[in-house]
Amino acid sequence: MMKRILCFLLIGTLVVSCDINQKKEAELPEVDVDVEEGQLPTFDVEWADVNVGTTTKKVEIPKVVIVMEEEEIEVPYIDVDMPNDSDDKYGEKEERTLMVEAEVSGMEHDIEIKEIWAKGNNLYVISELEATDQSIDDKKMRVSDQITLNAPDLNVKHYIIGERPDRVFNTQHRYFKSMEDLKSALGDGYTSIYSD
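Small disclaimer: the values here were computed from a predicted structure and weren't measured.

**Q** Just to check I follow, could you spell out the overall build of the protein chain for this structure?
**A** Looking only at helices and strands, the protein chain features 2 helices and 8 strands. Put simply, the protein chain runs from its N terminus to its C terminus through helices and strands in the order α-β-β-β-β-β-β-β-α-β. Put simply, of all contacts in the protein chain between residues at least 6 apart along the chain, 68% involve residues at least 24 apart. Only carbon and sulfur atoms are counted for the fraction: they give 49% of the accessible area of the protein chain, which is about 16,000 Å².

Here's what the structure looks like:
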């Protein structure tokens, strides 16, 4: 029953949206022993004109311009030999880059790796994030620092001293308000292997 109602509504909608002009009247054939041909009515149907194309409008489109240039610079290099590793439990040494990165807005920031602590097979990379007095308005920027490490495969954890910027990108590292808060969270027993 519902299908019939929908069908009638659809047919009614199509009939209402068209402009129909009858060109000829219907004529039924005369029934006689001698049959003459009849004539069916013809219709001229006009429907709405539909044009598909493009138009020009002003819209805001975010654009990011990044200029990357390669330069040779001095970066800190740390070579780690694990103690008592005669059974090779830590594996072979491998050179890799330890990078810390934060995304900021409002004011420019500087980020710098300040210390690296070791405890067992864990390395704690401690960086400091500080705002400068240079405004970047509502733009966002990423700041980073890095150190080259030549060591066996160790667990690396990043901690940043400073206020966490309100950006989703910044959830990858833990932030602490001060070095004392970090030391309290990590406890004792670590060795400082790098200090800036």
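There is more to say after this.
**Q** What is the right way to look at the nonpolar core in this model?
**A** If you look at soluble globular proteins, the nonpolar side chains tend to sit buried side by side. The biggest cluster of nonpolar side chains holds 21 residues, and the ones touching the most others in it are Ile-78, Ile-111, Ile-113, Ile-116, Leu-129 and Leu-149. When residues of this core are traced back to their parent elements, those giving at least two are β4 (94-119) and β5 (122-151). Contacts of Ile-111, omitting those with residues within four sequence positions, involve Val-100, Ala-102, Ser-127, Glu-128, Leu-129, Val-143, Ser-144, Asp-145 and Ile-160.

**Q** Sorry if this is basic, but what is going on with the environment of Asp-81 here?
**A** As for its placement among the helices and strands, Asp-81 is situated in the loop between β3 (77-79) and β4. Between the alpha carbons of Asp-81 and Asn-150 there is a distance of 8.8 Å; along the sequence they are 69 residues apart.

**Q** Is there a simple way to explain unusual backbone geometry in this structure?
**A** Negative phi characterises most residues that are not glycine, and trans characterises most peptide bonds. A positive phi angle, near 55°, is found at Asp-137, a position not held by glycine. Along the chain, Asp-137 turns up in strand β5. Assessed through its relative accessible area of 52%, Asp-137 is described here as exposed.

Reading the values: the criteria
- Residues numbered from 1 in each chain as written.
- Predicted model: local features only at pLDDT ≥ 70, side-chain atom pairs only at ≥ 80, totals over all residues.
- Heavy atoms only, no water.
- Helix = DSSP H or I, 4+ residues; strand = E, 2+ residues; numbered from the N terminus.
- Contact = heavy atoms within 4.5 Å.
- Areas by Shrake-Rupley, 256 points an atom, 1.4 Å probe, with all protein chains shown as cover.
- Core = buried A, V, L, I, M, F, W, Y, C linked by side-chain atoms within 4.5 Å.
- Buried < 20%, exposed > 50% of the residue type's maximum accessible area, 1.4 Å probe, protein only.

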